[in-house]
Amino acid sequence: MTIAPTPNSFRTGPDERGRFGIFGGRFVAETLMPLILDLETAYAEAKADPSFQAEMDGYLTHYVGRPSPLYFAERLTTYLRERSAPGHGAKVYFKRDELNHTGSHKVNNVLGQIMLARRMGKPRIIAETGAGQHGVATATLCARFGLKCVVYMGAVDVARQAPNVFRMKMLGAEVIPVQSGTKTLKDAMNEALRDWVTNVSDTFYCIGTVAGPHPYPGMVRDFQSIIGRETREQMLAVEGRLPDSLVACIGGGSNAMGLFHPLLDDREVEMYGVEAAGHGVSSGLHAASLTGGRPGVLHGNRTYLLQDADGQIADAHSISAGLDYPGIGPEHAWLHELGRVTYLSATDQEALEAFKLCSMLEGIIPALEPAHALAKVMEIAPTKPSDHLLVVNLCGRGDKDIPQVAEILGTQL
Ligand SMILES: Cc1ncc(COP(=O)(O)O)c(C=O)c1O
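A. Structural context of the overall build of the protein. Secondary structure assignment for the protein yields 16 helices and 14 strands. Against the compact-globule benchmark of 22 Å for 413 residues, the protein has a radius of gyration of 20 Å, which places it among compact chains. With respect to the principal axes defined by its C-alpha atoms, the protein has extents near 65 × 50 × 50 Å. Each of the 413 residues in the protein was classed as buried or not, and the buried ones make up 61%. Partitioning the intrachain contacts of the protein with sequence separation of at least 6 by distance along the chain shows that 75% fall at a separation of at least 24.

And the structure:
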């Protein structure tokens, strides 16, 4: 469904009210409004200050370990070509953001927000986390800069991502298990917002994805766009041209926005976002907000959400804690309605198969989140000619998922 004429540029949002078309905005309690406005001003000033970017670049290089490699997944490519029609089977590259310090793309954004918090003189940082990767990245940078860190995490996620809970504590963070609702990411974000309203003077809320009220969706996207900028440069250097398609998994959508945004106006580049289909979209047990949801308001912005008939937020389900969220960032909702990005979904089972295949063929154990993107690469690549260049964002490594996957696969290995 197209709700607006195709814009001259897909990179113009958000507008001054924080909207991407009809999506986004800031639907927050009155008490939060001054904080949100302060943040908006501070971010605008930082963005315009070359010393802010220069300082960030230093940490991105020497602390995070960027640029992350663009790696030709040769054995996966061969495997898929053997299962394609003659002359078919795209050349698959991995953007290796799992090699960043702390093991995922989350650190790109956290670095930016922590530097902003320091600029704003906020000594206490709060965060929500699902898979624990955003929590670990936040705890890490708080340790690095000597800031107090409190992480809200659903009790279900505390159990299924135990290694990351230990890491956060090791780094000096306080981890608060959230017992309300489904005890997952949505509930953790509710609690973090509650904390923020009650601790307005000294606290900075470090949101982990391109969701929340304006200015978060655009700000987090900007911090993650390093992924797409590097991909563009690296592909031009290696292949002499831009990639033909980009594939990324979507929880709230930050790794996908980071990969897509710098290339949105290169209209020949196809883009695929992959949501979590859980047990299958028709089963009702899934986290595919665009595929199975409709517009509504949650966590301060208007976007596609899983809802029941009364508009109450429905429970999401995914094997992957990082994708287990009933919403999606508002910019994705806009790009979906404009038709610029194609949104697909992968089931728990498909992600597990891709998890195994990537480990066996490439010697890279991916996180369960990008395993969803890999599952769709296995469907998309064989439909493309063999000179088609496909990049999938390998946005996290699988260490955190080993206990969970070992329990599921058990003796199958
Ligand atoms: C490794 C990894 N990938 C992806 C995600 C999903 O987040 P986003 O859609 O914001 O990239 C998470 C969230 O926890 C994650 O840990």
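Next comes the rest of the description.
B. View of the pairing of strand 11 (residues 294-298). Bridge count between strand 11 and strand 12 (residues 301-305): 5 bridges; the pairing is antiparallel. Within strand 12, the residue paired with Arg294 across the bridge is Leu305. Hairpin connection, strand 11 to strand 12: the antiparallel pair is bridged by 2 residues, and His299 has positive phi, about 50°.

C. Geometry of the site of the ligand. Taken together, 18 residues form the shell around the ligand, and within it Thr209, Gly251, Gly253, Ser254 and Asn255 come nearest. At a separation of 2.7 Å, an oxygen atom of the ligand approaches a polar backbone atom of Gly253. A distance of 2.8 Å separates an oxygen atom of the ligand from a polar atom in the side chain of Asn255. Relative to its free-state accessible area of 390 Å², the ligand is covered by the protein chains to the extent of 98%. Its residues assigned to classes, the shell around the ligand shows 5 nonpolar, 11 polar and 2 charged. Of the residues that make up the shell around the ligand, three or more belong to each of domain 1 (20-62 + 106-220) and domain 2 (66-103 + 225-412).

D. Spotlight on the sheet that holds strand 9 (residues 245-249). Within the open sheet, the 6 strands sit side by side as 3-4-14-9-10-13. Their pairing is mixed. Both edges of this open sheet fall to strand 3 (70-72) and strand 13 (342-347), since each of them pairs with a single strand only. On average, adjacent strands in this sheet sit at an angle of 30° to one another, irrespective of strand direction.

E. Representation of the sheet that holds strand 6 (residues 148-154) within the structure. Within the open sheet, the 4 strands sit side by side as 7-6-5-8. Their pairing is parallel. Each edge of the open sheet carries a strand with a single partner, namely strand 7 (174-178) and strand 8 (203-205). Here the strands of the sheet are splayed against their neighbours by 25° on average, with no regard to which way each runs. In the sheet, strand 5 (residues 124-129) pairs with strand 8 via 3 bridges, with the strands oriented parallel. When the sheet's bridge partners are listed, Ile126 is paired in strand 8 with Tyr205.

F. Seen up close, the side chain of Ser225. Tracing the chain through its elements places Ser225 in the loop between helix 9 (216-224) and helix 10 (226-239). For Ser225, a relative accessible area of 5% translates into the label buried. If near-sequence neighbours (up to four positions away) are discounted, Ser225 is found in contact with Gly258, His261 and Pro262.

G. Quick peek at the pattern of salt bridges. On inspection of all chains with the given rule, the structure shows 27 salt bridges. Residue Asp195 is joined to Arg124 by a salt bridge in which the shortest nitrogen-to-oxygen separation is 2.8 Å. With Asp195 in helix 8 (residues 185-198) and Arg124 in strand 5, the pair connects residues that are 71 residues apart, well separated along the chain. Note that Asp266 and Arg232 form a salt bridge whose closest N and O atoms lie 2.5 Å from each other. On the criterion of sequence distance, the pair formed by Asp266 in the loop between helix 11 (254-260) and strand 10 (270-278) and Arg232 in helix 10 is long-range, its members being 34 residues apart. Overall, Asp266 belongs to the buried group, its relative accessible area being 15%. The class for Arg232 is partly exposed, based on a relative accessible area of 26%. One continuous salt-bridge network, built from bridges that share partners, spans Lys47, Arg221, Asp222 and Glu331.

H. Here's a closer look at the nonpolar core. Membership of the largest hydrophobic core comes to 88 residues, with the highest contact counts inside it found for Trp196, Tyr205 and Phe260. Ranked by residue count, the leading element in this core is helix 4 (residues 106-119), at 7 residues. There are two domains that each give this core at least three residues, and those are domain 1 (20-62 + 106-220) and domain 2 (66-103 + 225-412). Not counting residues up to four positions away in its chain, the partners in contact with Tyr205 are Gln113, Ile126, Ala127, Glu128, Met189, Ala192, Leu193, Trp196 and Tyr216. Counting 31 residues, the second largest nonpolar core, distinct from the first, contains Phe94, Tyr272, Ala373 and Ala381.

I. Broad picture of the pairing of strand 9. Counting buried positions along strand 9 yields 5 of 5 residues, so the element is predominantly enclosed. Here strand 9 shows a buried face lined by Ser245, Val247 and Cys249 and a second buried face lined by Leu246 and Ala248. Here strand 9 pairs with strand 10 via 5 bridges, running parallel. Each bridged residue has a counterpart across the sheet, and for Ala248 the counterpart in strand 10 is Gly273. Bridge count between strand 9 and strand 14 (residues 389-393): 3 bridges; the pairing is parallel.

Thresholds, definitions, all that
- Sequence positions are assigned chain by chain, starting from 1 and proceeding in written order.
- Reporting in this predicted model follows two pLDDT cut-offs: at least 70 for local features of residues, and 80 or more for side-chain atom pairs to be given and counted; totals over whole chains, interfaces and linings ignore these cut-offs and use all residues.
- Calculation of side-chain values draws on the structure's entire complement of heavy atoms; hydrogens and water are dropped beforehand.
- Put simply, DSSP marks the helices as runs of H or I at least four residues long and the strands as runs of E at least two long, and each gets a number from the N terminus on.
- Just to be clear, the radius of gyration here is over C-alpha atoms, and the globule rule we use is 2.2 Å times residues to the power 0.38.
- Partly exposed describes any residue whose relative accessible area lies between the buried limit of under 20% and the exposed limit of over 50%, with all areas from a 1.4 Å probe on protein chains only and scaled to the type maximum.
- Residue contacts are defined here by distance: any two heavy atoms, one from each residue, within 4.5 Å place the two residues in contact.
- Strands qualify as paired when DSSP identifies two bridges or more between them.
- Whether a residue is near a molecule or strand is decided by its heavy atoms; if any one of them lies within 4 Å of it, the residue is near.
- Nitrogen and oxygen atoms within 3.5 Å of one another constitute a polar contact, given that in protein one can donate a hydrogen and the other can accept it, and given that sequence-neighbouring residues count only through two side-chain atoms.
- With residues, only the protein chains shown are counted as cover, and all accessible areas are computed by Shrake-Rupley using a 1.4 Å probe.
- For this classification, the nonpolar set comprises Ala, Val, Leu, Ile, Met, Phe, Trp, Tyr, Cys and Pro, the charged set comprises Asp, Glu, Lys and Arg, and every other residue, Gly included, is treated as polar.
- Annotation comment: domain bounds sourced from an automatic or database domain assignment.
- For helices, the axis comes from a line fit to the C-alpha atoms of the stretch in contact; other axes are also lines fit to C-alpha atoms, and the angle between any two N-to-C directions lies between 0 and 180 degrees.
- The salt bridge criterion pairs a side-chain nitrogen of Lys or Arg with a carboxyl oxygen of Asp or Glu, the two atoms within 4 Å.
- For the purposes of this section, nonpolar cores are sets of buried Ala, Val, Leu, Ile, Met, Phe, Trp, Tyr and Cys residues that join through side-chain atoms within 4.5 Å.

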